[in-house]
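Summary of structural features
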Amino acid sequence: MSVNQQAHTGPPYGQPQPGYQGYQQPAYRGQPGVPQSQYGAYNGPMPGYQQPAPPQGYFPSLGFPSKGSPVSLNSDTSLPPNSIGSLRTPPASGAPPPASGASVPSGHVAYSQLGHGDVQNGIPTSAAPVQRPPASQPFLPGSAHTPVSQTSTFQQYGPPPASVQQLINHVAGMTVGSTTVSAPPPAGLGYGAPTSVPPASGSFSATGSGLYTPYTASQGPPPSSVSEGLPLAQPPFPGQLISTQRLPTQVPGFAPPPSTGIGPSYPPTAGVPRPPTMTGPPLPGQTLAGPPTSQPNHVSSPPPPPSTMSGPHHGPPISGLHGPPPPTHPPQPGYQMQQNGSFGQVRGPQPNYGGAYPGAPNYGSQPGPPPPPKRLDPDSIPSPIQVIEDDRTNRGSEPFVTGVRGQVPPLVTTNFLVKDQGNASPRYIRCTSYNIPCTSDMAKQSQVPLAAVIKPLATLPPEENLPYLVDHGESGPVRCNRCKAYMCPFMQFIEGGRRFQCCFCSCVTEVPPHYFQHLDHTGKRVDFYDRPELSLGSYEFLATVDYCKNNKFPSPPAFIFMIDVSYNAVKSGLVRLICEELKSLLDYLPREGNMEESAIRVGFVTYNKVLHFYNVKSSLAQPQMMVVSDVADMFVPLLDGFLVNVNESRTVIVSLLDQIPEMFADTRETETVFAPVIQAGLEALKAAECAGKLFIFHTSLPIAEAPGKLKNRDDRKLVNTDKEKTLFQPQTSFYNNLAKDCVAQGCCVDLFLFPNQYLDVATLGVVTYQTGGSIYKYAYFQLETDQDRFLNDLRRDVQKEVGFDAVMRVRTSTGIRATDFFGAFYMSNTTDVEMAGLDCDKTITVEFKHDDKLSEDSGALLQCALLYTSCAGQRRLRIHNLSLNCCTQLADLYRNCETDTLINYLAKYAYRGVLSSPVKAVRDALISQCAQILACYRKNCASPSSAGQLILPECMKLLPVYLNCVLKSDVLQPGPEVTTDDRAYIRQLVTSMDVAETNVFFYPRLLPLTKADVDSDSLPAAIRNSEERLSKGDIYLLENGLNIFVWVGVNVQQGLLQNLFGVSSFSHISNTLTTLPVLENPFSKKVRSIVDMLQMQRSRYMKLIIVKQEDKLEMLFRHFLVEDKSLSGGASYVDFLCHMHKEIRQLLS
Ligand SMILES: [Zn+2]
């Protein structure tokens, strides 16, 4: 029984992924199957590091090869148009008589049906309140409407002068030795320099441990806000030891206008006393070198006059924050450029930098002059852009090697390769902290949630190996006798290799004879490197029949396409579009490995108030329609001929898809059913005894008389009331029960919605959500503007890697256990996450709690085991292992956190909370928890300092800005333009997002297109999401994973407009464009290539919206400038930071 033995029915590992990578790149994973002998190579040297090719995922199709042979349409088709009323029309030939519900094979109790309780995911049955204590001082969103609280810096700051850089170097030199550099061990290979192409995934996470710079609290600064670490690109703060020598340094151009800032003019927010930090005199470093601009706040309600926009850049916009760090001082790569979470005052180099936690030098001993009144300078507060850039610089050039326990990976915004040496890749698992408190008391004290964001079937870049498939034959995988954990690198072999001790529960288990192997002198099995399950963090086992429902190997899954053919769908051209697309798309169903054709069978249903099933059996000359109008008791009127092999039935299928648009062209039917559609698909899969996926294309609220009929209960007046939660809850429990049945069968439901009005996403989405499906929404669908987006989404959705009938369990070593789960799934007990389908984009966030003490020696282990059926019907187990450190010092927790993952967890927690608690309570709880997290750090990890200082942990210095983005998001604080359906939709999307997706969703990426280098492949450096960063002479792109905005300033040069839009003036730009015109010039090509690149990086095709400055669409665009105050009342970053500071101070006092 060798690892190297290929799976008896499966393809070799290392094989190409099924063709979901795109039509044009069938060979994306197309290296031929790695022969067995190559397995050993996984441990060998990595191939030279190369920049991953841009097409990380989906390649938008430019058209399918037309494989379907043209079929002439029979005008006298046997398909009666819209033959409503032909109840249970018997099949014309040879098909079995209409089946009744009883004909469905009974007695097939799925294992996942057993013990189905009423524990439900997503829609809690109990209205459990949010458990977190509400903030003692509610942060009233309304208060943010105050017109002047937003700082208005209109200058664009130039790069830091050379003197600052010298200072930086000086500081770095002084602090060598105090910087913890624990970067992954170099692989010993020369890796090419990374290009500056942005990472495929778009988010950032906390800086890695390797970058962590210990610091202590600064002391003695004026009673204004401070953090540890100094923004080095800024003038020094006189109170700092190190900075004294730099006191005279004035950074040219660094002269924020004080007038409208948070200084004295900061209005009291709803009775909340202003933090004292706001009242201080200006900092010494902030001499007013420039005339204060008195423009009103840019988010004040009426669109500001042009003059309020930030003017042309006085130099490269914040370019000083983007420059690569000096190549010197390798021990602190890139540290020099970091803003170490300090804000509120312009300071010199890290005051705390030189000291370890307890040993802060006498920084505070040199009190500076009394600080003059000040305002918070946006450039001095932690910048997401800077953190992302620093991480790219520092960690993007070497692979992340997973051999070391508790290593914090690079940020998700950093492009890096992963080398699996015993822990799962961060592409599969990311944690909020890689160092877990040893005791629950510590964990509670810190309030840092312990959570893992798991993406079990994540897509890997081509340079990385897919998990190897291990086949132990009939005996199946080796497991612990007691806790059933799977063999993994952390198991300890003892007694000469005859037994092993479980790393999770300590139980000792006999090694099965076929698995016995001798140990070497270090106690390691001599076949260690030959077995993925002993040496790798991620791998797969071929499951035996014991892991299958009913002890029977599964059949290949089926896809059923279910098309709404009511009036709206037909009239908009949607039906024709779908049918045309399917003709070619069916050739791109997921395949396993080197299989020539997909094993997936397909079926077709159309519906309005009744359902039409189609017999597309290959022996038929023409498809046959069977109408079921008794939707109250759904059944499938045919078995044979409904689910077919595409190639065998191609002619009939093409004929059907040609005919459907014609058949319903004149329909007058406007009403639809919905639940019976799902039931029909479910029954069809039951009858075929297989798992599968329903692709439902639906347009309206299902008001026709049928089970699951809905009423329009939208009521925006409920927003901001205690009943607001009802908007997120389904209006009937019918769909929860239906979802349960679907999960039991492995029936996953993907939903494409095309509403022209409210259709109750909160209810329609329940089945999708609980079956692990995906939901897409195209409001006011118009063929011309939306078809590209829809078709790209559909293609990717149909092609992407997906597993069926999945069950996931997360095991942990003694001391912690998984207690809570977030994502699109169903749970029938407290441990098993069930998903009818699980695709490569779906993420499950798992929270852990202590149930015992942990030890620093043994650390903490996670093992995620996913049992699923592959697209070829093979039953497999995918195992991901991760080892974490444990700590007795809170400081270790805080220096190994990952803020992006933390935000992913917090957002999901909050988005679930709105189902049961008032939205305001959810927001307050979030603020309170984060204040406690930061206060705990301040109290326990930072050295004593003035209470006026805000001190943020280095790894969490972006927590306030990101948290504010979550609080301002449409679910938690909707603007007037956000519909109830939008909110329900977003809520559902976010729940399955990975860390990269939540990152860019909450803090969008903003790129100055006019700064792009048309001769390079790189993207222009991103800038912060604030209007004051925009210049009216430039063009910007903003993306958040769902939308792309192209914002055009009023003063953009005519030549640029001509090149990009093909128009001669600003006023001629059409804001109804949804694509950029294809023009043959370098700028146009460059911008379009950037858009294409971004589209490929995201799991959904983003809608492109052109926004002209001062146009009405600009309101929409501003919603995404998340550092600014929002029209819906969301606080600006600066204001929110002040608020957080106040919360923290209250906790500390
Ligand atoms: Zn065990």
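Residues numbered from 1 in each chain as written. Predicted model: local features only at pLDDT ≥ 70, side-chain atom pairs only at ≥ 80, totals over all residues. Heavy atoms only, no water.

**A word on the overall build of the protein chain**
Each helix and strand in the protein chain was counted, giving 21 helices and 27 strands. Contacts in the protein chain between residues far apart in sequence, at least 24 positions, make up 80% of those at least 6 positions apart. (Helix = DSSP H or I, 4+ residues; strand = E, 2+ residues; numbered from the N terminus. Contact = heavy atoms within 4.5 Å.)

**As for the coordination of the zinc ion**
Every protein donor of the zinc ion is listed here as Cys480 (SG), Cys483 (SG), Cys502 (SG) and Cys505 (SG), and their distances to the metal cover 2.2 to 2.3 Å. Considering all four donor atoms around the zinc ion, angles at the metal cover 100 to 116 degrees and the coordination shape is tetrahedral. On the accessibility criterion, Cys480 (1% relative accessible area) is buried. (Donors = N, O, S within 2.8 Å, 3.2 Å for Na, K, Ca; no water. Tetrahedral: all angles 85-135°; square planar, octahedral: opposite > 155°, others 65-115°. Buried < 20%, exposed > 50% of the residue type's maximum accessible area, 1.4 Å probe, protein only.)

**Observations regarding the environment of Asn435**
Among the secondary structure elements, Asn435 is positioned in strand 4 (residues 435-437). Take Asn435: its relative accessible area is 8%, and that puts it in the buried class. Among all residues touching Asn435, those that are not within four sequence positions of it are Asn885, Cys886, Cys887, Asp892, Leu893 and Asn896. Of the polar contacts made by the side chain of Asn435, one reaches the backbone nitrogen of Cys887; its length is 3.1 Å. (Polar contact = N/O pair within 3.5 Å; in protein donor to acceptor, adjacent residues only side chain to side chain.)

**Details of the packing of aromatic side chains**
Per the stated rule, a full pass over the model turns up 32 aromatic pairs. Residues Phe559 and Phe695 carry aromatic rings whose centres are separated by 4.9 Å and whose planes lie at 70 degrees to one another, so their mutual orientation is edge-to-face. With Phe559 in strand 11 (residues 558-564) and Phe695 in strand 15 (residues 692-698), this residue pair connects regions lying 136 residues apart in the sequence. Taken together, the ring pairs connect Phe697, Phe752, Phe754, Tyr776, Tyr778, Phe781 and Phe790 into an aromatic cluster. Over the aromatic face of Tyr769 sits the side chain of Arg987, whose NZ or CZ is 5.9 Å from the ring centroid. The cationic tip of Arg1100 hangs over the ring face of Tyr776; the distance from NZ or CZ to the ring centre is 4.2 Å. (Phe/Tyr/Trp six-rings, centres within 6.5 Å; stacked < 30°, edge-to-face > 60°. Lys NZ or Arg CZ within 6 Å of the ring centre and 35° of its normal.)

**Side note on the sheet that holds strand 24 (residues 1005-1008)**
Pairing within the open sheet is mixed, and its four strands lie in the order 24-25-26-27. With partners counted over all chains shown, the strands left at the sheet margins are strand 24 and strand 27 (1103-1108), one partner each. Each neighbouring strand pair of the sheet contributes to a mean axis angle of 20 degrees, computed without reference to strand direction. (Pairing = 2+ DSSP bridges. Axes fitted to C-alpha atoms, helices over the stretch in contact; angles between N-to-C directions.)

**With respect to the nonpolar core**
If you look at the biggest cluster of nonpolar residues, it comprises 148 residues, and the most contacted ones within it are Leu611, Phe613, Ile696, Tyr894, Leu972, Val1048 and Phe1061. By residue number, the principal contributor to this core is helix 14 (residues 919-940), which donates 11 residues. If you look at the next biggest cluster of nonpolar residues, it comprises 47 residues, including Phe561, Val575, Cys579 and Phe754. (Core = buried A, V, L, I, M, F, W, Y, C linked by side-chain atoms within 4.5 Å.)

**Observations regarding the confidence of the model for the protein chain**
Here the protein chain shows a mean pLDDT of 75. Residues at 70 or above account for 67%. Low pLDDT (under 50) marks residues 1-373, which in the prediction has 971 contacts with non-local residues, meaning those over four places away or in another chain. (pLDDT = per-residue confidence, 0-100.)

**Description of the pairing of strand 25 (residues 1035-1039)**
With five of five residues buried, strand 25 is to be regarded as a mostly interior element. Along strand 25, one buried face is formed by Ile1035, Leu1037 and Glu1039 and the opposite face, lined by Tyr1036 and Leu1038, is buried too. Sheet analysis places strand 24 next to strand 25, joined by four bridges and oriented antiparallel. In the strand pairing of strand 25, Arg1005 is matched with Glu1039. When strand 25 meets strand 26 (residues 1043-1048), the two strands line up antiparallel, connected through five bridges. If you follow Ile1035 over to strand 26, its bridge partner there is Val1048. Between strand 25 and strand 26, which pair antiparallel and follow one another directly, the connecting turn spans three residues, one of which, Gly1041, has a positive phi of 95 degrees.

**What to know about the packing of helix 9 (residues 734-745) against helix 10 (residues 761-770)**
The N-to-C vectors of helix 9 and helix 10 enclose an angle of 25 degrees; their axes lie 8 Å apart at closest approach. Overall, the two elements helix 9 and helix 10 adopt an arrangement that is roughly parallel. Relative to helix 10, the crossing made by helix 9 is right-handed. Residue-level inspection shows Tyr735, Asn736, Leu738, Ala739, Cys742 and Val743 of helix 9 in contact with helix 10, the latter providing Thr763, Leu764, Val766, Val767 and Gln770. The residue makeup of the contact of helix 9 with helix 10, split by class, is eight nonpolar, three polar and no charged. (Parallel < 35°, antiparallel > 145°, perpendicular 65-115°, else oblique. Left-handed = near helix turned anticlockwise from the far one by under 90°. Nonpolar A, V, L, I, M, F, W, Y, C, P; charged D, E, K, R; others polar.)

**Examining the pattern of salt bridges**
Tallied over the entire structure, the rule returns 48 salt bridges. Across the pair Glu898 and Arg430 runs a salt bridge, and its minimum N-O distance is 2.1 Å. Of this pair, Glu898 sits in the loop between helix 12 (890-894) and helix 13 (899-913) while Arg430 sits in strand 3 (residues 429-431), and the two are 468 residues apart along the sequence. Taking the relative accessible area as the measure of exposure, Glu898 reaches 0% and is therefore buried. In this structure, the salt-bridge partner of Asp924 is Lys920, at a minimum N-O distance of 2.7 Å. (Salt bridge = Lys/Arg side-chain N within 4 Å of Asp/Glu carboxyl O.)

**Some words on the state of the cysteines**
The final tally for this structure, using the stated rule, is zero disulfides. No disulfide involves Cys438; its sulfur sits 5.1 Å from that of Cys886, the nearest cysteine. Just so you know, Cys936 is unpaired, no disulfide at all, and the nearest cysteine sulfur is the one on Cys941, 6.2 Å from it. Cys936 gets classed as buried once you look at its relative accessible area, which sits at 6%. (Disulfide = S-S within 2.5 Å.)

**What to know about the sheet that holds strand 9 (residues 508-510)**
Strand order in the open sheet formed by three strands is 7-8-9, and the pairing between neighbours is antiparallel. The sheet terminates laterally at strand 7 (492-494) and strand 9, the two strands that pair on one side only. Between one strand axis and the next, the sheet turns through 30 degrees on average, direction left out of account. Relative to strand 8 (residues 499-501), strand 7 runs antiparallel, the two being bridged by three bridges. Bridge pairing in strand 8 places Ile494 opposite Arg499.

**Points about helix 10**
With 10 of 10 residues buried, helix 10 lies mostly within the body of the structure. Taken residue by residue, helix 10 has Val761, Ala762, Thr763, Leu764, Gly765, Val766, Val767, Thr768, Tyr769 and Gln770 as its buried positions. The positive-phi residue at the C-terminal boundary of helix 10 is Gly772, with phi of around 80 degrees.

**Quick notes on the environment of Val971**
Mapped onto the fold, Val971 is located in the loop between helix 15 (959-967) and helix 16 (980-991). In sequence terms Val971 and Tyr911 are 60 residues apart; their C-alpha atoms lie 7.2 Å from each other.

**Side note on the environment of Gln1058**
Residue position: Gln1058 is located in helix 18 (residues 1054-1061). Separated by 21 residues in sequence, Gln1058 and Leu1079 have C-alpha atoms that sit 9.3 Å apart.

**Thoughts on the packing of helix 14 against helix 15**
In contact at an axis separation of 10 Å, helix 14 and helix 15 are set at 170 degrees when each is read in the N-to-C sense. One finds that helix 14 runs roughly antiparallel with respect to helix 15. Contacts between helix 14 and helix 15 involve Arg923, Leu926, Ile927, Cys930, Ile933 and Leu934 from the former and Leu959, Pro960, Leu963, Val966 and Leu967 from the latter. Across the contact of helix 14 with helix 15, the residue classes break down as 10 nonpolar, no polar and one charged.

**What to know about unusual backbone geometry**
Although it is not a glycine, Asp760 adopts a positive phi angle of roughly 65 degrees. Of note in this structure, Tyr780 is not a glycine but carries a positive phi near 50 degrees. By the element assignment, Tyr780 lies in the loop between strand 17 (775-777) and helix 11 (783-799).

**A word on the pairing of strand 22 (residues 860-869)**
Among the 10 residues in strand 22, 10 count as buried, and that is most of the element. Residues Ala860, Leu862, Cys864, Leu866 and Tyr868 of strand 22 are buried on one face, and the alternating residues Leu861, Gln863, Ala865, Leu867 and Thr869, pointing to the opposite face, are buried as well. Pairing geometry for strand 18 (residues 802-812) and strand 22, over seven bridges, is antiparallel. Bridge pairing in strand 22 links Val807 to Leu867.

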